Amino acid sequence: MSQSTESTTESNPFTKPCFIIAAALVVALIAATIVIFLLPKGQGNAQPAPAPAESSSTAEASPSASAAGESICGLPATSETALGSAPETKWELIGTMAAPTDVNVGPGKTDDQGIRSCFAHTPTGALYAAVNLWALGSDPSKERAIAEQLAAKGPGRDAGMKAPQTAAPSSSVKIQIAGFNVSYTANQAVVELAFKADNGALASVRTTLLWQDGDWKGVVADNGAPLEEPRQIRDLSGFIPWSGA
């Protein structure tokens, strides 16, 4: 016996309002990801790339990464490897997203294109670098400068530099940082950020960073795509709440 249209609709999670709202957030996040990492067309549904340790971009960049020392603008380093609470910070609106700033953490440099760089060689510095990277990505005009200055050296950065200028998909959904987790070593940090849209939907994405040439640099797959796409989340369980808007 065939199901009625009504019962089929009720049992299909893709037609429920909560899914539609969350999907809108994922679209907005993917739009930001395209701006930052120059995701090639047709790969929006690709599976996550291999873990960063298996990426040739990471393998190429690691030997030049400094395991210790201050940043290129003199911000301090630390032996700490964990960040268990939300840092107190000042927030600044970059594009459409609030980003953290602190004189002892970074950004220590902002160039004439508005690219924010130079963060402390600490777990907090890695967190700030990741959030500022996403915030800069909300401005499509900065994509080439982001690839040039903030991507880790390797095939992924080269692909981003050669890619034609792209336009992010339009979306009326605005997103802000809502929480984080940081996994940290001296050379590499994986920052998982939770995002919240102005419609209440939530999603998260992991950003891998390398300490390279005295600053944190974003790692991308060899084709210039992100190592991992955003995923929907129900709530902020497992995240340290943190927001500036």
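In this text the structure is predicted, and so the values were computed from the model without any measurement. Every chain begins its residue count from 1, and numbering advances along the sequence as written. Predicted model: local features are reported for residues with pLDDT of at least 70 only, side-chain atom pairs are reported and counted for 80 or more only, and whole-chain, interface and lining totals are derived from all residues. Note: side-chain values were computed over all heavy atoms of the structure, leaving out hydrogens and water.

Asks: Honestly, the state of the cysteines in this entry has me stumped. Any pointers?
Replies: Linking two cysteines covalently through their sulfur atoms gives a disulfide. Throughout, a disulfide means two cysteine sulfur atoms within 2.5 Å of one another. Taken as a whole and judged by the stated rule, the model has one disulfide. Paired by a disulfide, C73 and C118 hold their sulfur atoms 1.9 Å apart. Across the S-S bond linking C73 and C118, the dihedral sits near -100°, which makes this disulfide left-handed. Here the residue C73 occupies a position in the loop between α3 (56-61) and β1 (90-94), and C118 occupies one in the loop between β4 (116-117) and α4 (123-136), the gap between them amounting to 45 residues. When accessible area is computed with a 1.4 Å probe and restricted to protein chains, residues below 20% of their type maximum are described as buried, those above 50% as exposed, and intermediate ones as partly exposed. Residue classification places C73 among the partly exposed positions, given a relative accessible area of 31%. Elements are defined by DSSP. Helices are runs of H or I of four residues or more, strands are runs of E of two residues or more, and each kind is numbered from the N terminus.

Asks: Whenever I open this one, the packing of aromatic side chains confuses me. Can you help?
Replies: Given two aromatic rings, their pairing is described by the distance between the two centres and the angle made by the two planes. Ring pairs shown here join Phe, Tyr and Trp side chains whose ring centres sit within 6.5 Å, with only the six-membered ring taken for Trp; geometry is labelled stacked below 30 degrees between planes, edge-to-face above 60, and tilted in between. Per the counting criterion, the structure on display carries six aromatic pairs. The interplanar angle of 65° and the centroid separation of 5.7 Å between the aromatic rings of Y184 and W216 together place this pair among those described as edge-to-face. Of this pair, Y184 sits in strand β5 (residues 175-184) while W216 sits in strand β8 (residues 215-218); the two residues are 32 residues apart in sequence, bridging distant segments of the chain. When its relative accessible area of 9% is taken as the criterion, Y184 is described as buried. Note on W216: relative accessible area 3%, which makes it buried. Aromatic ring contacts, followed pair by pair, group W91, Y128, F180 and W242 into a single cluster.

Asks: I would appreciate a short explanation of the nonpolar core in the present structure.
Replies: The tendency in soluble globular proteins is for nonpolar side chains to be buried as a group. Membership of the largest hydrophobic core comes to 38 residues, with the highest contact counts inside it found for L127, F180, V191, L193, F195 and W216. Elements supplying a minimum of two residues to this core: β2 (97-101), α4, α5 (143-150), β5, β6 (188-197) and β7 (202-212). Whether two residues are in contact is decided by their heavy atoms: any pair within 4.5 Å suffices. Once you skip the residues sitting within four places of it in the chain, L193 turns out to touch L127, A130, V131, W134, I177, G179, F180, A203, S204, V205 and F239. For our purposes a nonpolar core is just a set of buried Ala, Val, Leu, Ile, Met, Phe, Trp, Tyr and Cys residues, chained together by side-chain atoms within 4.5 Å. Ranked by size, the runner-up nonpolar core spans five residues in total, among them A152, V219, A221 and L227.

Asks: How should the pairing of β1 be read in this particular structure?
Replies: Side chains on a regular strand alternate between the two faces of the sheet. With five bridges joining them, β1 and β2 adopt antiparallel strand pairing. Paired with W91 across the strands is P100, a residue of β2. At least two bridges found by DSSP between two strands is the condition for calling them paired. Remark: two residues form the turn of the hairpin made by β1 and β2, two consecutive strands paired antiparallel; G95 in that turn has positive phi of roughly 65°.

Asks: How do you make sense of unusual backbone geometry when you look at a structure like this?
Replies: Most peptide bonds adopt trans geometry, and most residues besides glycine take a negative phi value. Omega for the bond connecting G106 with P107 falls within 30 degrees of zero, at 0°, which places this linkage in the cis form. Tracing the sequence through the fold places P107 in the loop between β2 and β3 (109-110).

These figures capture arrangement, not role.
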